[in-house]
Amino acid sequence: KMAGKRARAQPEVEDNAALIAEVEALRCEQRKLMRNAAAAAELATERTAMLKLAGLSYDELSAVVVRERVARLSDETQAAYAAAERDESRVGWLEVTTALQPRLLEEAGVTPANLPFALHLLHSAAALFPHMVEAQASVQVANNIAARGSMRAPAPTPRIALHALSAAVPATSLLSLCPPGGLPLAIIAGSYT
């Protein structure tokens with residue numbers, strides 16, 4: 001009789017172990033959701049604080065993003081970009097944009113004291129406000145030609161030429177920078193305007 005009771009108890013223990021594992025998985029998922037909710041609340045608070053520091057409302061920022069897109073594509077600005085690229089004594093198109101953005105923010109009523117924060121907010125609008133249709137349609141986002149590559153491990157390192165900013169420094173290759181022995185190499189690149 002005792003062996004029969006043990007045999008019946010064994011499936012219950014296995015069922016309990018499965019139930020305990022399921023409860024633990026649900027608790028883990030609940031903790032993850034709570035962390036995500038806390039992060040979302042923190043981001044919303046951060047966005048509100050940034051708008052306040054910039055001296056802009058959400059709608060005003062959205063309007064400036066639209067005005068920037070229109071201004072960048074205007075004949076006047078396009079001519080200024082072309083002239084800046086031809087003039088080797090200037091930085092180039094970035095110099096034109098660097099003058100354009102503060103002017104647009106000042107026209108929107110941003111004070112000189114708030115201008116650094118407003119510029120940062122304008123530069124970050126697409127990332128901070130991904131639901132802002134205007135930010136997603138901005139010139140930078142609309143004309144982004146970046147794409148997810150097809151290279152995967154253990155593909156060989158492609159032969160890519162690397163050029164220095166100075167002509168005195170000879171060009172090298174990405175392959176020459178790879179460590180011997182096949183250790184991984186990661187290159188993280190980006191831009192900031």
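In this text, all values refer to a predicted model and were calculated from it rather than measured experimentally. (Residues numbered from 1 in each chain as written. Predicted model: local features only at pLDDT ≥ 70, side-chain atom pairs only at ≥ 80, totals over all residues. Heavy atoms only, no water.)

The next subject is helix α5 (residues 115-128). Where α5 bends most, at leucine 122, the angle is about 40 degrees. Those residues of α5 not exposed but buried are Leu115, Ala118, Leu119, Leu121, Leu122, Ser124, Ala125 and Leu128. (Bend = angle between axes of the 7 residues up to and from the residue. Helix = DSSP H or I, 4+ residues; strand = E, 2+ residues; numbered from the N terminus. Buried < 20%, exposed > 50% of the residue type's maximum accessible area, 1.4 Å probe, protein only.)

Time to look at the nonpolar core. By size, the foremost hydrophobic cluster in this structure holds 21 residues, and its most contacted members are Leu56, Leu61, Leu105, Leu121 and Phe129. When contributions to this core are tallied by element, the ones reaching two or more residues are α1 (2-54), α2 (58-73), α4 (93-107) and α5. Top contributing element to this core by residue count: α5, with seven residues. When residues no more than four places from it in sequence are discounted, the contact partners of leucine 105 are Leu56, Val64, Val110, Leu115, Ala118, Leu119 and Leu122. (Core = buried A, V, L, I, M, F, W, Y, C linked by side-chain atoms within 4.5 Å. Contact = heavy atoms within 4.5 Å.)

All right, on to the packing of α2 against α4 then. Remark: α2 packs on α4, axes separated minimally by 10 Å, with the N-to-C direction vectors making an angle of 140 degrees. The pairing of α2 with α4 is recorded here as oblique in orientation. In the packing of α2 onto α4, the handedness of the crossing is right-handed. Here Val64, Arg67, Glu68, Ala71 and Arg72 of α2 come into contact with α4, specifically with Thr97, Leu100, Gln101, Leu104 and Leu105. When its residues are assigned to classes, the contact of α2 with α4 shows five nonpolar, two polar and three charged. (Axes fitted to C-alpha atoms, helices over the stretch in contact; angles between N-to-C directions. Parallel < 35°, antiparallel > 145°, perpendicular 65-115°, else oblique. Left-handed = near helix turned anticlockwise from the far one by under 90°. Nonpolar A, V, L, I, M, F, W, Y, C, P; charged D, E, K, R; others polar.)

Attention now moves to the packing of α2 against α5. Where α2 contacts α5, the two axes come as close as 11 Å, and the packing angle between them is 85 degrees. Relative to α5, the element α2 lies roughly perpendicular. Taken together, the residues of α5 that come into contact with α2 (itself represented by Leu61, Val64, Val65 and Glu68) are Leu121, Leu122 and Ala125. For the contact of α2 with α5, a count of residues per class yields six nonpolar, no polar and one charged.

A few words now on the environment of glutamine 101. Relative to the elements of secondary structure, glutamine 101 occurs in helix α4. Between the alpha carbons of glutamine 101 and leucine 119 there is a distance of 7.2 Å; along the sequence they are 18 residues apart. Excluding residues that lie within four positions of it along the chain, glutamine 101 makes contacts with Glu68, Arg72, Leu119, Leu122 and His123. Side chain to side chain, glutamine 101 and glutamate 68 meet in a polar contact 2.7 Å long. For glutamine 101, the side chain forms a polar contact with the side chain of histidine 123, separated by 2.9 Å. (Polar contact = N/O pair within 3.5 Å; in protein donor to acceptor, adjacent residues only side chain to side chain.)

Time to look at the environment of phenylalanine 129. Secondary-structure assignment places phenylalanine 129 in the loop between α5 and α6 (133-136). With relative accessibility at 2%, the residue phenylalanine 129 sits in the buried group. The sequence separation of phenylalanine 129 and alanine 44 amounts to 85 residues, and the corresponding C-alpha distance is 9.8 Å.

With that out of the way, let us pick up helix α3 (residues 75-86). Over its twelve residues, α3 extends 17 Å from the first C-alpha to the last, a length consistent with the 16 Å expected when each residue adds 1.5 Å. When α3 is considered as a whole, its buried residues turn out to be Thr77, Tyr81 and Ala84. End-on, the buried residues of α3 take up no more than an arc of 70 degrees, which puts them together on one face. Summarising the geometry of α3, the exposed residues directed more than 90 degrees from the buried face are Asp75, Glu76 and Arg86. Taken together, the buried residues of α3 touch α2 and α4. (Expected span 1.5 Å × (residues − 1). Arc of directions from axis to C-beta.)

Before going further, it helps to spend a moment on the packing of aromatic side chains. In total, this model carries one aromatic pair according to the counting rule given. Between tyrosine 58 and phenylalanine 129, the ring centres sit 5.6 Å apart and the planes meet at 70 degrees, which makes this aromatic pair edge-to-face. Placement of tyrosine 58 in helix α2 and of phenylalanine 129 in the loop between α5 and α6 is noted, with a sequence separation of 71 residues between them. Assessed through its relative accessible area of 30%, tyrosine 58 is described here as partly exposed. (Phe/Tyr/Trp six-rings, centres within 6.5 Å; stacked < 30°, edge-to-face > 60°.)

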